[in-house]
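Architecture at a glance
Here are the chains, one letter per residue:
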Amino acid sequence: MALLTVPIINIASYWTGAEARKRELAQQVGEACRDMGFLIIAGHGVPSDVIAAVDDVSHEFFDLPLEEKMQVVRPAPDVTRGYIPMEGENVARSRGEYAPGDLNESLP
């Protein structure tokens, strides 16, 4: 089933729920990833001040000039650390297809 909105999955019951509930949550996450490719996780228990601090630090980094961000660039395509610049990745390539680079930057 194709989704039209990003699903919000509340995982609070994972920590206290029965195995059947854990499997149900895993199924929901899998379905969201297959159908939409994105999901929002609620009920994770991360304090809002921690989320705000990470958001602030993220903005500080991504607001830097490109030259500064490139000082910590990902060393190789198969490495999951380091800065990935705009158009530095492409989801279509993972499926053997060609498309221009993705319009995002990231720091995994």
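Note that the coordinates shown come from a computational prediction; the quantities given were computed from them, not determined experimentally.

**Here's the deal with the overall build of the chain**
When helices and strands are counted, the chain shows three helices and two strands. In the chain, the succession of helices and strands from N to C terminus is β-α-β-α-α. For the chain, whose C-alpha radius of gyration is 17 Å, the value lies well above the compact-globule estimate of 13 Å for 108 residues. Taken along its principal axes, the extent of the C-alpha atoms in the chain is 50 × 40 × 25 Å. Residue pairs in contact within the chain that sit at least 24 positions apart in sequence constitute 41% of those at least 6 positions apart. Looking at the chain, you have 9 positive and 17 negative side-chain charges, and the mean spots of the two groups are 10 Å apart.

**Focus on the side chain of R74**
Summarising the element assignment, R74 is placed in the segment after α3 (66-69). Discounting chain neighbours no more than four positions away, the residues touching R74 are V79, R81, G82, Y83, I84, G88 and E89.

Rules used throughout
Residues numbered from 1 in each chain as written. Predicted model: local features only at pLDDT ≥ 70, side-chain atom pairs only at ≥ 80, totals over all residues. Heavy atoms only, no water. Helix = DSSP H or I, 4+ residues; strand = E, 2+ residues; numbered from the N terminus. Rg over C-alpha atoms; globule rule 2.2 N^0.38 Å. Contact = heavy atoms within 4.5 Å. Lys, Arg positive; Asp, Glu negative; His and termini not counted. Charge placed at Lys NZ, Arg CZ, Asp CG, Glu CD.

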